[in-house]
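Here is what each chain is made of, one letter per residue.
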Amino acid sequence: MTQDELKQAVALAALDYVVDGAIIGVGTGSTANFFIDELGKIKHRIKGAVASSEATAARLKSHGISVFDLNDVDNMPVYIDGADEIDHSGAMIKGGGGALTREKIVASVADKFICIADGSKLVDVMGQFALPVEIIPMAEASVARSLRALGAKPALRMKEGKAYVTDNGCHIIDAAGLQIRDPKALEAQINQLPGVVSVGLFALQGAAVCLLGTEQGVKTLKF
Ligand code: 5RP
């Protein structure tokens, strides 16, 4: 199976976690896009969705799914999203698609994070994928220095020759070369650096379930 077929399989399996009549939190990225396309087919069963990015909001709306402002939503049973890496405790690296801050905010309101990922995303120790850190632009050099002191090789994310700009008007530093053996501690440490908007480590509030696409079918990991 191709990676896209594995992503499609987990997107379909995630429909089992959609709660009838509820508002669903929806992530960002290619796996989340497959999920949105499946959600469009059962849209009559849900009240609507909260989007973790402008791109996701546009895709949800293109399927005729109502998109709610998070400020108008008190609770959500589930948040469904992909990951760049996930470890055996349910901690994740996210933000490859640049939506880490809104993803973390929407996920924090949901009762359960359901991670949907192809099998290549499951790792013993995270860090092979450079850790995204969203920053206020004036803090680029100071945060980069702090990340270097933690053993990382930081690089400002670029797009078309300019600094990549998030939906929040901020920049992203990708911190390569880390071996993340204590993701909760590292998340707390990077979170408190002045100028950091959020770090793409989702460990303090990780996944409750991961639907992992493998050649042997969709595996359900519970944490
Ligand atoms: C976006 C994300 C994505 O969930 C992550 O990058 C995985 O993307 P994909 O499903 O395309 O592999 O965190 O900010």
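Residues numbered from 1 in each chain as written. Predicted model: local features only at pLDDT ≥ 70, side-chain atom pairs only at ≥ 80, totals over all residues. Heavy atoms only, no water.

Points about the overall build of the chain
In step 1: From N to C terminus, the chain includes six helices and 15 strands.
In step 2: Against the globule reference of 17 Å for 223 residues, the chain gives a C-alpha radius of gyration of 17 Å, in line with a compact fold.
In step 3: Within the chain, the proportion of its 223 residues that are buried is 51%.
In step 4: In the chain, the proportion of contacts linking residues at least 24 apart, taken out of those at least 6 apart, comes to 71%.
In step 5: On the chain, roughly 10100 Å² of surface is accessible, and the fraction owed to carbon and sulfur atoms is 50%.
In step 6: Taking the 22 positively charged and 26 negatively charged side chains of the chain as two groups, their mean positions are separated by 2 Å. (Helix = DSSP H or I, 4+ residues; strand = E, 2+ residues; numbered from the N terminus. Rg over C-alpha atoms; globule rule 2.2 N^0.38 Å. Buried < 20%, exposed > 50% of the residue type's maximum accessible area, 1.4 Å probe, protein only. Contact = heavy atoms within 4.5 Å. Areas by Shrake-Rupley, 256 points an atom, 1.4 Å probe, with all protein chains shown as cover. Lys, Arg positive; Asp, Glu negative; His and termini not counted. Charge placed at Lys NZ, Arg CZ, Asp CG, Glu CD.)

Concerning the layout of surface pockets
In step 1: As a volume, the largest pocket reaches approximately 180 Å³.
In step 2: Lining the largest pocket are 15 residues, and of these T28, G29, S30, A83 and D84 lie nearest its centre.
In step 3: Top contributing element to the lining of the largest pocket by residue count: helix 2 (residues 30-41), with three residues.
In step 4: The residue makeup of the lining of the largest pocket, split by class, is two nonpolar, eight polar and five charged. (1 Å grid on protein atoms, 1.4 Å probe; cavity = no way out; pocket = protein on both sides within 12 Å on 5 of 7 lines; lining within 4 Å. Points joined across faces, edges and corners; volume = space filled by probe spheres on them. Nonpolar A, V, L, I, M, F, W, Y, C, P; charged D, E, K, R; others polar.)

Digging into the site of the ligand
In step 1: Of all residues adjacent to the ligand, which total 17 residues, the nearest are S30, T31, D84, G95 and K121.
In step 2: The side chain of T31 places a nitrogen or oxygen atom 2.5 Å from an oxygen atom of the ligand.
In step 3: In this structure, an oxygen atom belonging to the ligand sits 3.4 Å away from a side-chain N or O atom of D81.
In step 4: Within the complex, the protein chains bury 91% of what would otherwise be the 380 Å² of accessible surface of the ligand.
In step 5: A breakdown of the residues in the shell around the ligand according to their chemical character gives two nonpolar, nine polar and six charged. (Near = heavy atom within 4 Å. Polar contact = N/O pair within 3.5 Å; in protein donor to acceptor, adjacent residues only side chain to side chain.)

Observations regarding the nonpolar core
In step 1: Residues V18, V26, F35, L39, L60, I80 and L211 are the most contacted members of the largest nonpolar core, which totals 26 residues.
In step 2: No other element matches helix 2, which puts four residues into this core.
In step 3: Setting aside residues no more than four positions away along its own chain, V26 makes contact with F35, I36, L39, A49, V50, A51, S52, T56, L60, Y79 and I80.
In step 4: A91, I135, I180 and V199 belong to the second largest nonpolar core, which has 23 residues in total. (Core = buried A, V, L, I, M, F, W, Y, C linked by side-chain atoms within 4.5 Å.)

Thoughts on a nonpolar patch on the surface
In step 1: A cluster of nonpolar side chains, I136, M138 and V197, forms an exposed patch at the surface whose accessible area comes to about 310 Å².
In step 2: As for its placement among the helices and strands, M138 is situated in the loop between strand 7 (131-135) and helix 5 (140-149). (Patch = residues over 30% accessible without salt bridge, like charges linked within 9 Å, V, L, I, M, F, W, Y side chains within 5 Å. Salt bridge = Lys/Arg side-chain N within 4 Å of Asp/Glu carboxyl O.)

Considering the pairing of strand 11 (residues 171-176)
In step 1: With five of six residues buried, strand 11 lies mostly within the body of the structure.
In step 2: Summarising the sheet, strand 7 and strand 11 pair through five bridges and their orientation is antiparallel. Counterpart to V133 in the pairing with strand 11 is I173.
In step 3: Alignment of strand 8 (residues 153-156) against strand 11, held across four bridges, turns out to be antiparallel. Looking across to strand 11, one finds that K153 is bridged to A176. (Pairing = 2+ DSSP bridges.)

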